[in-house]
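Take a look at the letters that make up each chain.
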Amino acid sequence: MAKSKEPKAPKGKKAKQMGYVSFSKEDVNTGDDRNTRAEELFLQALNVPKRVQKKTKKGKGKELEDNDFYPTSLPETQEMEILLNQAEAAVDDPSDKEFMNNLAEMRGIVDWSKKRQWNFNWSTIIGVIVFVFVLNQCSKSAKEDVVRAEQELATVKNWGDSAIVAYKTVELERKQQNLKYYQENLAASEARLDTITDKERKKSEQGSIKRYKENIKEYTDDIAKLQKADHKEVHKMAVKQHEDWLKSKKGSSRSALFWFIFFLILIPLYIVAERPYGYNISKHRTEAAVLGGIRKIMNMFAGGLASIAGALYVTETVTSYTDGSKSRSDDGMAIYAMKAILLLGALAIFVFTSVFLMLYSTIAGLARNYNWRE
């Protein structure tokens, strides 16, 4: 039987990003006569991180993990560097390859810890770029709505008598339908109220009744006002209504443009924010694992929806008749619609996960990775 391959140990920046160390404290051989002082200083350097000190103090020295030997602050990094320099200076037998390799590895970790590292995620950036594209389309659509609303307002201002009469008729019918809707809902709610015993449900139903009564009064007053209005007053109402619509469309357009610009700026800001010193990566590695887990789970959901969409296929049904003729039908429309819904769902999960992670990472990164007082 072939032996299963052991996973390869990470190397270079990937190893440091993961918090990997290839040796343990027990691997440092202080029992021989070689590099005794250098090994003592080396062990002191390994004891500098607070995580090591806490576990050692609690008698959990055997539970130390690779990540524990990484410094998590600038003072720890500087102290470890000093001790490693002293250890290197105290080496009296450089032929001790194991110790020299361990020393070089820790020096690499300290050098990595005191420098800024690019820590952004390309998947997150791609997801937000897709979101920015969608926002751009929404902004364009909102601008077109503003233009249409302006054109409609200009048309309404130049209405003749027949257009004003038609507007009054349509508005009266719409308001009367709304009034009837709220009257029916009020009657149903009042009938239910007598049968409800739960206090919370009863309170909620009473709130609904209050809102229905307010709506009924509003529509009753509007209908009475509209019925009494002359041509000039109806025209004024129509202009006011379209002015309000235009104002609303302009607000939506400004909002869409704001969010488009916001997320467009957020992408480079996220890249800058996610440039921490190595010791900050080590300090927040648990949090990074949680965020990575969220990304992985949500991407699994998105991938699952995409896989289901890919597995759907069109079924064709052939019906044969006694006269020898045949007819064909398929469920293509329904299948393609389902595929589109599933793929859009997958894209939405991917995009909104990316947006959440970028927002959180940018805020946290700017707060943690830069000294704003300086």
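A brief report on the enclosed structure follows. (Residues numbered from 1 in each chain as written. Predicted model: local features only at pLDDT ≥ 70, side-chain atom pairs only at ≥ 80, totals over all residues. Heavy atoms only, no water.)

1. Quick word on the overall build of the chain
Note the cut-off: Every helix listed is a DSSP run of H or I at least four residues long, and every strand listed is a run of E at least two residues long, numbered separately from the N terminus. Only the C-alpha atoms count toward the radius of gyration. The rule for a globule is 2.2 Å times the residue count to the power 0.38. Exposure classes here rest on a 1.4 Å probe applied to the protein chains alone. A residue is buried below 20% of its type maximum, exposed above 50%, and partly exposed in between. Every residue pair with non-hydrogen atoms within 4.5 Å of one another is taken to be in contact.
Tallying secondary structure elements over the chain gives 12 helices and two strands in all. Along its sequence from the N terminus, the chain presents helices and strands in the succession α-α-α-α-α-α-α-α-α-α-α-β-β-α. Its C-alpha atoms give the chain a radius of gyration of 35 Å, more than 25% over the compact-globule value 21 Å for 374 residues. Projected onto its principal axes, the C-alpha coordinates of the chain cover approximately 110 × 75 × 55 Å. When each of the 374 residues of the chain is scored for burial, the buried share is 32%. Considering only residue pairs separated by 6 or more positions, the chain has 75% of its internal contacts joining residues 24 or more positions apart.

2. Describing the packing of aromatic side chains
Inclusion rule: Aromatic contacts are taken between Phe, Tyr and Trp rings whose centres are within 6.5 Å, Trp giving its six-membered ring; a plane angle under 30 degrees counts as stacked, one over 60 as edge-to-face, and the others as tilted. Comment: the charge-over-ring label is applied if NZ (Lys) or CZ (Arg) is within 6 Å of the ring centre and within 35 degrees of the ring normal.
Within the structure shown, the criterion is met by 18 aromatic pairs. Between Trp259 and Phe262, the ring centres sit 5.4 Å apart and the planes meet at 80 degrees, which makes this aromatic pair edge-to-face. Remark: Phe262 and Trp259 occur in helix α9 (residues 231-273); sequence separation between them is three residues, near one turn of the helix. Ring pairs connect the aromatic residues Phe131, Phe258, Trp259, Phe262, Phe263 and Phe352, which therefore count as one cluster. The side chain of Arg116 reaches across the aromatic face of Tyr370, ending 4.3 Å from its centre. Here the basic side chain of Arg275 rests over the ring of Trp118, its NZ or CZ set 4.1 Å away from the ring centre.

3. Quick notes on the nonpolar core
Formally: For this analysis, a nonpolar core means a set of buried residues of the types Ala, Val, Leu, Ile, Met, Phe, Trp, Tyr and Cys, connected via side-chain atoms within 4.5 Å.
Ranked by internal contacts, the top residues of the largest apolar core, which has 25 residues, are Phe42, Leu84, Leu103 and Met106. Listed by contribution, the elements that provide at least two residues to this core are α2 (36-46), α4 (74-89) and α5 (97-113). Examining the composition of this core, we find that six residues originate from one element, α5, more than from any other. Here Leu103 is in contact with Phe42, Leu84, Ala87, Glu88 and Val91, once residues within four sequence places are set aside. In terms of nonpolar packing, the next biggest core, distinct from the first, is built from 22 residues, Leu153, Ile223, Ala229 and Val234 among them.

4. As for the packing of α2 against α4
Condition: Where helices are involved, their axes are fitted lines through C-alpha atoms of the stretch in contact, as for all axes, and angles between N-to-C directions lie from 0 to 180°. Angles are sorted into four bins: roughly parallel if under 35 degrees, roughly antiparallel if over 145, roughly perpendicular if 65 to 115, and oblique for all others. Each residue gets one of three labels, nonpolar for Ala, Val, Leu, Ile, Met, Phe, Trp, Tyr, Cys and Pro, charged for Asp, Glu, Lys and Arg, and polar for the others, Gly among them.
Viewed as axis vectors pointing N to C, α2 and α4 meet at an angle of 170 degrees, and their least axial separation amounts to 8 Å. Taken together, the axes of α2 and α4 are roughly antiparallel relative to one another. Side by side, α2 and α4 meet where Ala38, Leu41, Phe42, Gln44 and Ala45 of the first sit next to Met80, Leu83, Leu84, Gln86 and Ala87 of the second. A class-by-class count of the residues in the contact of α2 with α4 yields eight nonpolar, two polar and no charged.

5. Brief notes about α5
Definition in use: By this rule, a helix spans an expected 1.5 Å times one less than how many residues it contains.
In this model α5 runs 24 Å from its N-terminal to its C-terminal C-alpha over 17 residues, within 8% of the 24 Å that 1.5 Å per residue would give. For α5, the set of buried residues is Phe99, Asn102, Leu103, Met106, Ile109, Val110, Trp112 and Ser113. Close packing links the buried residues of α5 with α1 (12-18), α2, α4, α10 (278-283) and α11 (285-311).

6. Considerations on the packing of α4 against α5
Put simply, the rule is: Definitions for this section: a left-handed crossing has its near helix turned counterclockwise from the far helix by less than a right angle. A right-handed crossing has that turn clockwise.
Across the interface, α4 lies against α5 with an axial gap of 10 Å and an inter-helix angle of 150 degrees. Judged on the interaxial angle alone, α5 and α4 are roughly antiparallel. Relative to α5, the crossing made by α4 is left-handed. On α5, the residues touching Thr77, Met80, Glu81, Leu84, Asn85, Ala87 and Glu88 of α4 are Leu103, Met106, Arg107, Val110, Asp111 and Ser113.

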